[in-house]
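Structure at a glance
These are the residues of each chain, in order.
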Amino acid sequence: MKIVIINYGAGNIQSIKFAIKRLGFDAVLSSDAEEIKNADKVIFPGVGEASSAMKMLLNSGLDSIIPTLKQPVLGICLGMQLMCNSSEEGNTTGLGIFDVDVIKFDTSVKVPQIGWNQISKLKSNLFGSIAENEHIYLVHSFYAPLCSETIAECSYGLNYSAALQKGNFYGTQFHPEKSSDVGEKILENFLKM
């Protein structure tokens, strides 16, 4: 199986690569459109600020490649947010894969949310053998509200999308590579799709 982690300058690519290695798989880091298109599985990571990350995607031409992919694609954290219609962070236009707009947490909660939270209302084979209310690790100031594509929820002042799915596209707001056994099981479920 060929697993490609998209390397566009805004991802936590090494920790994801190590998590995949712990699961017994190898992954390639790539920004090459043909290599990404020919992968069996694609992981779209993201750490940082939305408008800067989107500029990197635009400059590489990957903004037009990612939405056309047919194989399973997993967006992680900012990667998931960039797969949405837009983000309030930097007034960023997203890839439009998920039909939801990313917004900032209001001042009623400490921002950013850093640490462990629980996922619930699990609705996808991405969460096969994962129990309701398992703990996952998050670091974020912006979130995707609940929508028709929500496949898992978290609560932090309000309920929001912890994960999204549309066809072959999956996104997690949390970091499966940092979420201990639960996160690694979710990553393994994705790799076995």
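Residues numbered from 1 in each chain as written. Predicted model: local features only at pLDDT ≥ 70, side-chain atom pairs only at ≥ 80, totals over all residues. Heavy atoms only, no water.

1. What to know about helix α6 (residues 180–191)
- In this model α6 runs 17 Å from its N-terminal to its C-terminal C-alpha over twelve residues, within 8% of the 16 Å that 1.5 Å per residue would give.
- α6 sits mainly inside the fold: nine of its twelve residues count as buried.
- Of all the positions in α6, only V182, G183, E184, I186, L187, E188, N189, F190 and L191 are classed as buried. (Helix = DSSP H or I, 4+ residues; strand = E, 2+ residues; numbered from the N terminus. Expected span 1.5 Å × (residues − 1). Buried < 20%, exposed > 50% of the residue type's maximum accessible area, 1.4 Å probe, protein only.)

2. Here's the deal with unusual backbone geometry
- With an omega dihedral of 5 degrees, the bond running from V111 to P112 counts as a cis peptide bond.
- With respect to the element layout, P112 can be found in the loop between β7 (98–104) and β8 (113–119).
- Even without a glycine there, the phi angle at N91 is positive, about 45 degrees.
- Residue N91 is classed as exposed on the basis of its relative accessible area of 71%.
- Of note in this structure, K121 is not a glycine but carries a positive phi near 55 degrees.
- With respect to the element layout, K121 can be found in the loop between β8 and β9 (134–140).
- With a relative accessible area of 46%, K121 lands in the partly exposed category.

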